[in-house]
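Residues per chain are reported as follows:
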Amino acid sequence: MKKVFLPLIWVALLSCIPYVGVAYFGMSYIFGVVIPYLAALLFIGGFSWRIYDWLSRPVPFCITTTCGQEKSLDWIAHQKLESPATKWQAALRVMTEVLFFRSLFRNTKAELHTGPQLAYASSKWLWMGGLAFHWSLLVIGLRHARFFFMEPPLFIRLVERTDRFFELTLPAFYMTDALVLTAITFLVFRRLRDAKLRIISLQTDFFPLFLIGAIALVGMSMRYVEKVDVMAVKAQMMNLLSFSFAAPVEIGPFFYVHLFLASVLAVYFPFSKLMHAGAIFLSPTRNLANNSREKRHVNPWNKPIKFRTYAEYEDEYREKMKKAGLPVEKD
Amino acid sequence: MSKYAPKKNQLTREFLEKPSPLKGDYADREWWEMPVEFRDGNWCHSAKPEVLKEIGFANPRKWAAPDEDWQLPEGWEKTIHDGLKERLKKFRSLKLYLDACVRCGACADKCHFFLGTGDPKNMPVIRAELLRSVYRNDFPMVEKILKGFSGSRKLTKEVIKEWHMYFYQCTECRRCSVFCPLGIDTAEITMVARELLNLIGVNNNWILAPVANCNRTGNHLGIEPHTFVQNIESLVDDIEDLTGVKVNPTFNRKGAEVLFITPSGDVFGDPGVYTMMGYMLLFEHIGLDYTISTYASEGGNFGLFTTNDMMKKLNAKMYHEAERLKVKWMLGGECGHMWRVVHQYMNTMNGPADFLEEPVSPVTGTKFTNARATKMVHIAEFTADLIHNGKLKLDPRRNDHLRTTFHDSCNVARGMGMFEEPRYILNSVCNSFNEMPEDTIRERTFCCGSGSGINAEEFMEMRMRGGFPRANAVRSVRKSHRVNSLVTICAIDRATLPSLMRYWNPGVTVYGLHELVGNALVMQGEKKRTEDLRENPMAGTEEGDDAE
Ligand code: HEM
Ligand code: SF4
Ligand code: SF4
């Protein structure tokens, strides 16, 4: 399976580069300062450009996918989220997609039995795995704030405290660390096991999973195994945040692997399917209100068109129309 | 049965024996390595040269899909590239949906064509990849560098053949978009792909011939005005024979309150004509001041399956005629894709319709505020309101010979969101209504398998496969509730489901909703009704057996 191994090799290679660079060639300035800055620049620039590029293309028609009863007669219950009638309802619909993967919750698995008989089994695994994956990523991302602020905001400290709820190990184990690894494992294995997914998947589908998995593994190893000096990391990150180009202090090479892979992810993000994070907000089948008969949706490139007018029609059929007793405009 | 479809037991055996990813069998190669094979039953006739000339479409010639050489025009690659570029600028949906798919596979087994063929390229995600792979090769800069990595490929003649095959094995039903976590609508991609193919003369006669007809005569079937009138008048006679009531439709009459437009299949096709009889009985019953146009005599719009411009051009007649006849508002008959166009496109393309008034039911006074701007009301909304206000005298027992189930047509379900009105009506006009399994109705409804202009006879095998999930759901209520009647609100369903039922579920008959309304309506001055609109005996009325 070339499409699985190649991305795996890519990620392994990418992990070696900073390790070798820092451990053997002392390139901590490049990996600790130059590359992170470049990556951040490309990420912010690329992401903004992609969003701008999408936004600059018109939405000519109101193409809501209606998944519930439209607003019609007063006595018929209107399903506000499934078939939003106002902008606000549509916004709420999008938020339920973003926060809870509402459409994915509908997922079923079709099975063909003898008969032939089709059956649709409920299948919430992807929904669960997807939510666990994304929410863990979010929490992990928030937790990282402690490296960027002297005193992290209260909200973030709360998130962190909750995440550490099971104080089983020292340093305290984060639930999301376990969750994200489990979820990634699940997401990779479903791509390999399910016959449909195996044929759908491309290298670019395995790559981000491996990459994020590697970032998480290296990160965890710094916390639980090959411990790095947290204060040094913090000093380095705050340095970067204050736009200082000062050379980093000595931190173990694992840290540079972690930081480099995260930089790769940041650069890869705007140019790949990871942009779905922005696209989900813009998807016209979800973010438009289903009110196209109530309120005219305007298409900026709509232009007049020549069509066959009634006059032309009557000219061709006048005699036949008269014979059939149809009224005509001209005799 | 059609010579273009295998015998049912042959197909059934294939379902069980042939390996497919649907059943968990791994494919032995990547999808782009799988050959495209045209054989009897899986391709539609190409558009006749004279049809193309009439509507000014590209590359008129004689050709057929199984031909080795499709005689593509000089520079066709550039035409496709430029065409795609232009459409990427015009449609955010296209660009976004080409960019954003995460290939999660949630849509994969939601498509009726995948369920009926097991062909991996019928998974919506791969259908979109057919275009996406070419787009990736040519457009976003970075992915261009990473070719094998992101699955891109060059545009070749083989790719065109593949597009032709699979973008006509998509009925633009939008079922995939209900399940996609990002809301990706493969129908949007199919529409653009079909536009592109039309630019180089790769097309379908079953779609373009009706388009040409509709442009010239006003309707898909190419019925000229006098024949159109004659046919409706013969239905008027049939109604009088059956009920003793004379209904009085008028044609092209200025100053009527309402312009009524329905698909021409209701005027000419069996069983659509019985639905037409139902409408006319209803209008007579409430004394509606309406007229029918011979010029705008088509509700349907095969332009939707062709190009944006063609859809607009054909649709323009509706408002044009409403303005000429100085009606107040428009009422539309039962049809799926017609309502996709009316609900989501018409006012944007050809509005604003300021010359019309906000629709108000003359019988109940109900304002149809949801149609305030477009000024066209769906007949099911109109009738549901009448029934709710007690304005119809109905005897549902007259449909006791029917045990019904209801098929939501894709466009009305997922492109409009009308689910309750038809059910309310059906429950009011018959006593036995049984829903199919919940994964096969409402927003999850399965296509008839022949929508979007692929209901050609020579395409029968694919139609029977694509319609299999729908037929299978009907079969389950046939077993559990002895259902014998499949009620629809779509003219294409009425044209295509009968053959699907004959194939998979013999003994199930297809009806239009307003045909059942017509059966149940107790008309003023009617004679004793013993037969339904199809002249089938009603239950309890055989042999002078007086109900009650
Ligand atoms: C607004 C925020 C986001 C939303 C609403 C969102 C939503 C989704 C959804 C619905 C899926 C498909 C289901 C699944 O596989 O889980 C998905 C897949 C994925 N998302 Fe996100 N996502 C967001 C942000 C991100 C970010 C920031 C990343 C990575 C840094 C990411 C990485 C991925 C990956 C790698 C997949 C594919 C999973 C697979 O291959 O099976 N997402 N996302
Ligand atoms: S459900 Fe949507 S995101 Fe997932 S594979 Fe299908 S089209 Fe792509
Ligand atoms: S729109 Fe319908 S037919 Fe087309 S890919 Fe999606 S589910 Fe299949």
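These numbers come from a predicted model, not from an experiment. (Residues numbered from 1 in each chain as written. Chains lettered and ligands numbered in written order. Predicted model: local features only at pLDDT ≥ 70, side-chain atom pairs only at ≥ 80, totals over all residues. Heavy atoms only, no water.)

1. Concerning the side chain of Asn 59 of chain B
Residues and elements named next belong to chain B.
(1) Moving on: In this fold, Asn 59 is placed in the loop between α2 (49–55) and α3 (76–90).
(2) Moving on: When its relative accessible area of 18% is taken as the criterion, Asn 59 is described as buried.
(3) Moving on: Looking at Asn 59, its side chain comes within polar contact range of the main-chain oxygen of Gln 71, at 3.0 Å.
(4) Moving on: Residues within four places of Asn 59 in sequence aside, it is in contact with Leu 52, Gln 71, Leu 72, Pro 73, Ile 200 and Gly 201. (Helix = DSSP H or I, 4+ residues; strand = E, 2+ residues; numbered from the N terminus. Buried < 20%, exposed > 50% of the residue type's maximum accessible area, 1.4 Å probe, protein only. Polar contact = N/O pair within 3.5 Å; in protein donor to acceptor, adjacent residues only side chain to side chain. Contact = heavy atoms within 4.5 Å.)

2. Here we look at the interface of chain A and chain B
It is common to give the size of an interface as the accessible area that goes away when the parts come together.
(1) Moving on: At the junction of the two partners, chain A supplies 97 residues and chain B supplies 125 residues.
(2) Moving on: Carbon and sulfur atoms supply 59% of the area that chain A and chain B bury against each other, a total of about 9700 Å² over both sides.
(3) Moving on: Arg 293 of chain A is paired through a salt bridge with Glu 381 of chain B; the nearest N and O atoms lie 2.7 Å apart.
(4) Moving on: Taken together, the links from chain A to chain B amount to 74 residue pairs in polar contact (both at pLDDT 80 or more). (Buried area = accessible area lost by both parts, 1.4 Å probe. Salt bridge = Lys/Arg side-chain N within 4 Å of Asp/Glu carboxyl O.)

3. Topic: the coordination of the iron atom of ligand 1
In a perfect tetrahedron of four donors around a metal, the angles come out at 109.5 degrees. In a perfect octahedron of six, they are 90 or 180 degrees.
Residue and element names in this part refer to chain A.
(1) Moving on: Distances from the iron atom of ligand 1 to its protein donors, namely His 134 (NE2) and His 276 (NE2), fall within the range 1.9 to 2.0 Å.
(2) Moving on: With a relative accessible area of 32%, His 134 lands in the partly exposed category.
(3) Moving on: A residue is classified by how much of its surface remains accessible, and His 276, at 15% relative accessible area, is buried. (Donors = N, O, S within 2.8 Å, 3.2 Å for Na, K, Ca; no water.)

4. Notes on unusual backbone geometry
Residues and elements named next belong to chain B.
(1) Moving on: Cis geometry marks the peptide bond from Asp 270 to Pro 271; its omega dihedral reads 10°.
(2) Moving on: Here Pro 271 lies in the loop between α14 (265–268) and α15 (272–286).
(3) Moving on: A positive phi angle is found at Gln 71, which is not glycine, with a value near 50°.
(4) Moving on: In this fold, Gln 71 is placed in the loop between α2 and α3.
(5) Moving on: With a phi close to 55°, Glu 172 is a non-glycine residue in the positive phi region.
(6) Moving on: Locating Glu 172 in the fold gives a position in the loop between α9 (157–166) and α10 (175–179).

5. Considerations on the domain arrangement of chain A
(1) Moving on: For chain A, the assigned domains are domain 1 (2–300) and domain 2 (304–331).
(2) Moving on: Taken over C-alpha atoms, the centre of domain 1 of chain A sits 61 Å from the centre of domain 2 of chain A. (Domains from an automatic or database assignment.)

6. Considerations on the nonpolar core
Note that soluble globular proteins tend to have their nonpolar side chains buried in a common cluster.
(1) Moving on: Formed by 178 residues in total, the largest nonpolar core has its most connected members in Leu 131, Ile 160, Trp 163, Leu 208, Tyr 345 and Trp 504 of chain B.
(2) Moving on: For this core, the element with the most residues is helix α9 (residues 203–225) of chain A, which contributes 12 residues.
(3) Moving on: Counting residues in hydrophobic clusters, the runner-up holds 88 residues, among them Leu 235, Val 245, Ile 379 and Ile 489 of chain B. (Core = buried A, V, L, I, M, F, W, Y, C linked by side-chain atoms within 4.5 Å.)

7. Details of the sheet that holds strand β4 (residues 376–378) of chain B
All names here are of chain B.
(1) Moving on: Taken in spatial order, the four strands of this open sheet run β2-β1-β3-β4, and their pairing is parallel. Two strands in the sheet have a free side with no partner beyond their single neighbour: β2 (290–292) and β4. Within the sheet, the average angular offset between the axes of one strand and its neighbour, ignoring direction, is 30°.
(2) Moving on: For strand β1 (residues 258–261) and strand β3 (residues 329–332), the ladder comprises four bridges, and the chain directions are parallel. In the sheet register, Val 258 faces β3, and the bridge partner there is Trp 329.
(3) Moving on: Across the sheet, helix α16 (residues 308–325) is in contact with β1, β2, β3 and β4; its angle to β1 comes to roughly 150°. (Pairing = 2+ DSSP bridges. Axes fitted to C-alpha atoms, helices over the stretch in contact; angles between N-to-C directions.)

8. Description of the sheet that holds strand β6 (residues 485–488) of chain B
All names here are of chain B.
(1) Moving on: Taken in spatial order, the three strands make up an open sheet running β5-β6-β7, and their pairing is parallel. Each having just a single partner strand, β5 (404–407) and β7 (509–512) make up the two edges of the open sheet. The sheet shows a mean angle of 35° between the axes of neighbouring strands, taken without regard to direction.
(2) Moving on: When β5 meets β6, the two strands line up parallel, connected through four bridges. For Phe 406, the partnering residue across the bridge sits in β6 and is Val 487.
(3) Moving on: The sheet strands contacting helix α23 (residues 491–504) are β5, β6 and β7, and the helix crosses β7 at an angle near 165°.

9. Re the packing of helix α7 (residues 175–193) of chain A against α9 of chain A
Residue and element names in this part refer to chain A.
(1) Moving on: At their nearest, the axes of α7 and α9 sit 10 Å apart, and the two run at 155° to each other. Classified by the angle their axes make, α7 and α9 are roughly antiparallel. Relative to α9, the crossing made by α7 is left-handed. Every residue of α9 that contacts α7 at Asp 177, Val 180, Leu 181, Ile 184, Leu 187, Val 188, Arg 191 and Leu 192 is listed here: Asp 205, Phe 206, Leu 209, Phe 210, Ile 212, Gly 213, Ala 216, Leu 217, Met 220 and Tyr 224.
(2) Moving on: Of the residues belonging to the contact of α7 with α9, the class tally is 14 nonpolar, one polar and three charged. (Parallel < 35°, antiparallel > 145°, perpendicular 65-115°, else oblique. Left-handed = near helix turned anticlockwise from the far one by under 90°. Nonpolar A, V, L, I, M, F, W, Y, C, P; charged D, E, K, R; others polar.)

10. A closer look at the confidence of the model for chain B
Low-pLDDT portions of the prediction should not be read for the details of their coordinates.
Residues and elements named next belong to chain B.
(1) Moving on: The predicted model of chain B has a mean per-residue pLDDT of 94, with 97% of residues at 70 or higher.
(2) Moving on: Contacts from residues 544–548, a stretch scored under 50 in pLDDT, to residues over four places away or in other chains number five contacts.
(3) Moving on: We note a pTM of 0.95 for the whole complex and an ipTM of 0.95 for its interfaces. (pLDDT = per-residue confidence, 0-100.)

11. Observations regarding the packing of helix α1 (residues 2–25) of chain A against helix α11 (residues 253–268) of chain A
Residue and element names in this part refer to chain A.
(1) Moving on: Between α1 and α11, whose axes approach to 8 Å, the crossing angle comes to 135°. By the angle class used here, α1 and α11 are oblique. For the crossing formed where α1 meets α11, the hand is right-handed. Between α1 and α11, the residues in contact are Leu 14, Ser 15, Pro 18, Tyr 19, Val 22 and Ala 23 and Pro 253, Tyr 256, Val 257, Phe 260, Leu 261 and Val 264, respectively.
(2) Moving on: A breakdown of the residues in the contact of α1 with α11 according to their chemical character gives 11 nonpolar, one polar and no charged.

12. Description of the side chain of Arg 103 of chain B
(1) Moving on: Within the fold, Arg 103 of chain B resides in the loop between α4 (92–100) and α5 (112–117).
(2) Moving on: A distance of 2.8 Å separates polar atoms of two side chains, one belonging to Arg 103 of chain B and the other to Asp 205 of chain A.
(3) Moving on: Reaching out from Arg 103 of chain B, the side chain makes a polar contact with the side chain of Glu 129 of chain B at a distance of 3.0 Å.
(4) Moving on: Those residues in contact with Arg 103 of chain B that sit more than four places away from it in its chain are Arg 191, Leu 197, Ile 200, Leu 202, Thr 204, Asp 205 and Lys 273 of chain A together with Val 125, Glu 129, Arg 132 and Arg 136 of chain B.

13. Re the domain arrangement of chain B
All names here are of chain B.
(1) Moving on: Split by domain assignment, chain B resolves into domain 1 (8–203) and domain 2 (211–520).
(2) Moving on: With centres defined by C-alpha atoms, the gap from domain 1 to domain 2 works out at 30 Å.
(3) Moving on: Listed as interface residues are 38 residues of domain 1 and, on the opposing side, 39 residues of domain 2.
(4) Moving on: In total, about 3500 Å² of surface goes out of reach between domain 1 and domain 2, with carbon and sulfur atoms giving 60% of it.
(5) Moving on: Its largest share of buried area at the contact with domain 2, domain 1 owes to Lys 8, Arg 174 and Arg 175, together 16% of the area lost on that side.
(6) Moving on: Our count for the domain 1 to domain 2 interface comes out at three salt bridges.
(7) Moving on: Elements that contribute at least two residues to the side of domain 1 that touches domain 2 include exactly α1 (8–17), α2, α5, α10 and α11 (186–199).

14. Some words on the packing of aromatic side chains
(1) Moving on: A complete count under the given rule lists 37 aromatic pairs over all chains for this structure.
(2) Moving on: Joined through ring pairs, the aromatic side chains of Phe 61 and Trp 301 of chain A together with Phe 91 and Tyr 345 of chain B make up one cluster.
(3) Moving on: For Arg 198 of chain A, the ring lying beneath its charged end belongs to Tyr 26 of chain B, and the centroid distance is 3.7 Å.
(4) Moving on: The lysine or arginine in question, Arg 175 of chain B, covers the ring of Phe 446 of chain B, its NZ or CZ lying 3.8 Å from the ring centre. (Phe/Tyr/Trp six-rings, centres within 6.5 Å; stacked < 30°, edge-to-face > 60°. Lys NZ or Arg CZ within 6 Å of the ring centre and 35° of its normal.)

15. What to know about α1 of chain A
Residues and elements named next belong to chain A.
(1) Moving on: For α1, spanning 24 residues, the distance from its first C-alpha to its last is 32 Å, which sits close to the expected 34 Å at 1.5 Å a residue.
(2) Moving on: Where the residues of α1 are buried, they touch α2 (28–55), α7, α8 (195–200), α9 and α11.
(3) Moving on: Downstream of α1 by a residue or two, Gly 26 has a phi angle that is positive, lying close to 60°. (Expected span 1.5 Å × (residues − 1).)

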